[in-house]
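# A structural walkthrough
Read off the chains here:
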Amino acid sequence: MARKDPYRNFRFLVEIDGIVQAGFAECSGFGSNIEVVEYREGGEAATVRKLPGKVSYPDITLKWGVTDSRELYDWHLAAVNGTIDRRNGSIILQDDAGQEKVRWNFFSAWPSKYDGPDFNAKGNDVSLDALTVSCERVERA
């Protein structure tokens, strides 16, 4: 039987409808949670039943090196100014040859938070912007 190595976490792409951002340094926070509703029946004092409640999706955080591109910031600025522009997107994991292997699709997303870079005159790191994207659903394709 052939050995199957896991995919590396640095070979990924993020696609957002209408955004041409070239690349991201980090992408985190996507998944899903099911709320647990505890319920105790009258005849069973010692036992608590656990039922599924509402499903929620955590916010996705994207980080990228600061460039002249304003697309993601302008998307957030529109939300700040009262125009919520919901978009769909995908997070794509690639193998070592650059071929798509796993895709997570997110739906009805909008930028809920923008963080500018941290500066330090003693450092030599790349300046990173960060955008938090709130979405209504995430599915592994």
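A few points on the structure. As the structure is a computational prediction, the values presented were derived from the model and not from experiment.

### Side note on the overall build of the protein
A count of helices and strands for the protein gives 1 helix and 9 strands. Start at the N end of the protein and walk to the C end: the helices and strands fall as β-β-β-β-β-α-β-β-β-β. The C-alpha radius of gyration computed for the protein amounts to 20 Å, which surpasses the reference 14 Å derived for 141 residues by more than 25%, pointing to a less compact arrangement than a globule. Taking the principal axes of its C-alpha atoms as reference, the protein extends roughly 65 × 55 × 35 Å.

### Considering a nonpolar patch on the surface
A grouping of Val37, Tyr39 and Leu51 is seen on the molecular surface, where their side chains present a nonpolar patch of about 260 Å² in accessible area. Among the secondary structure elements, Val37 is positioned in strand 3 (residues 33-39). Here Val37 falls in the partly exposed class, since its relative accessible area comes to 35%.

### Some remarks on the pattern of salt bridges
Counted according to the given criterion, the structure contains 12 salt bridges. A salt bridge links Glu38 to Lys50; the shortest N-O distance between them is 4.0 Å. With Glu38 in strand 3 and Lys50 in strand 4 (residues 49-56), this residue pair connects regions lying 12 residues apart in the sequence. The class of Lys50 is exposed, set by a relative accessible area of 58%. Residues joined by salt bridges that share partners form a network here, namely Glu15, Glu100 and Arg103.

### Considering the environment of Glu139
Relative to the elements of secondary structure, Glu139 occurs in strand 9 (residues 137-140). C-alpha of Glu139 to C-alpha of Val102: the two residues are 37 residues apart in sequence and 11 Å apart in space. Beyond its immediate chain neighbours, meaning those up to four positions away, Glu139 contacts Arg103, Trp104, Asn105 and Phe107. Of note is the side chain of Glu139, whose polar atom sits 2.8 Å from the side chain of Arg137.

Definitions and cut-offs
Residues numbered from 1 in each chain as written. Predicted model: local features only at pLDDT ≥ 70, side-chain atom pairs only at ≥ 80, totals over all residues. Heavy atoms only, no water. Helix = DSSP H or I, 4+ residues; strand = E, 2+ residues; numbered from the N terminus. Rg over C-alpha atoms; globule rule 2.2 N^0.38 Å. Patch = residues over 30% accessible without salt bridge, like charges linked within 9 Å, V, L, I, M, F, W, Y side chains within 5 Å. Areas by Shrake-Rupley, 256 points an atom, 1.4 Å probe, with all protein chains shown as cover. Salt bridge = Lys/Arg side-chain N within 4 Å of Asp/Glu carboxyl O. Buried < 20%, exposed > 50% of the residue type's maximum accessible area, 1.4 Å probe, protein only. Contact = heavy atoms within 4.5 Å. Polar contact = N/O pair within 3.5 Å; in protein donor to acceptor, adjacent residues only side chain to side chain.

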